[in-house]
Amino acid sequence: MTDVNEGTVKTVDFFARPADEQQDFLRQTWCNECMEMDLGMTSPVEYHDKDKVWIEGECVKCSAKVVTEIVEEDE
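Caption draft 1: Main features of the packing of aromatic side chains. Counted according to the given criterion, the structure contains two aromatic pairs. Where Phe-14 meets Phe-15, the ring centres are 5.3 Å apart and the plane angle is 80°; that geometry is what we call edge-to-face. An angle of 20° between the planes, with centres 5.6 Å apart, marks the rings of Tyr-47 and Trp-54 as stacked. Grouping residues by exposure puts Tyr-47 and Trp-54 together as buried.

Now the structure itself:
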């Protein structure tokens, strides 16, 4: 993991996730510029901090920044 913002936020290897999980996260997006869902994301970077996990990337349609927060469900 790489420290970002004084050690509060860490980047994590998104591609270490299982391929089916990667595809779900890359497909299930919301773009604030296009105002559309599920357009897709390219160039994903995964981040973790103390309270949350999220992926930032670029909208497939317009290249605007998109952010998807990942909610870990207890099983």
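We are not done yet, so read on.
Caption draft 2: Spotlight on the pattern of salt bridges. Applying the stated criterion to the full structure yields five salt bridges. Salt-bridge contacts for Glu-21 lead to Arg-17; the nearest nitrogen and oxygen are separated by 2.5 Å. By relative accessible area, which is 28% here, Glu-21 ends up partly exposed. When salt bridges that share partners are traced, they join Arg-17, Glu-21 and Glu-46 into one network.

Caption draft 3: Here's a closer look at the pairing of strand β5 (residues 41–48). The sheet contact formed by strand β2 (residues 9–12) and β5 spans three bridges and is antiparallel. Note on β5: the bridge partner recorded for Val-12 is Glu-46. Here β5 folds back onto strand β6 (residues 53–59) in antiparallel fashion, the turn holding four residues.

Caption draft 4: Highlighting the nonpolar core. Residues Phe-14, Phe-25, Leu-26, Cys-31, Cys-34, Met-41, Val-53, Ile-55, Cys-59, Ala-64, Val-66 and Ile-70 constitute the largest nonpolar core, which totals 12 residues. Elements with a minimum of two residues in this core: α1 (19–27), β6 and β7 (65–70). Broken down by element, this core gets its largest block of residues, three residues, from β6. If we skip the residues at most four places from it in the chain, Met-41 touches Phe-25, Leu-26, Thr-29, Ile-55, Glu-56, Gly-57, Glu-58, Val-60, Val-66 and Thr-68.

What counts as what
- Residues numbered from 1 in each chain as written.
- Predicted model: local features only at pLDDT ≥ 70, side-chain atom pairs only at ≥ 80, totals over all residues.
- Heavy atoms only, no water.
- Phe/Tyr/Trp six-rings, centres within 6.5 Å; stacked < 30°, edge-to-face > 60°.
- Buried < 20%, exposed > 50% of the residue type's maximum accessible area, 1.4 Å probe, protein only.
- Salt bridge = Lys/Arg side-chain N within 4 Å of Asp/Glu carboxyl O.
- Pairing = 2+ DSSP bridges.
- Helix = DSSP H or I, 4+ residues; strand = E, 2+ residues; numbered from the N terminus.
- Core = buried A, V, L, I, M, F, W, Y, C linked by side-chain atoms within 4.5 Å.
- Contact = heavy atoms within 4.5 Å.

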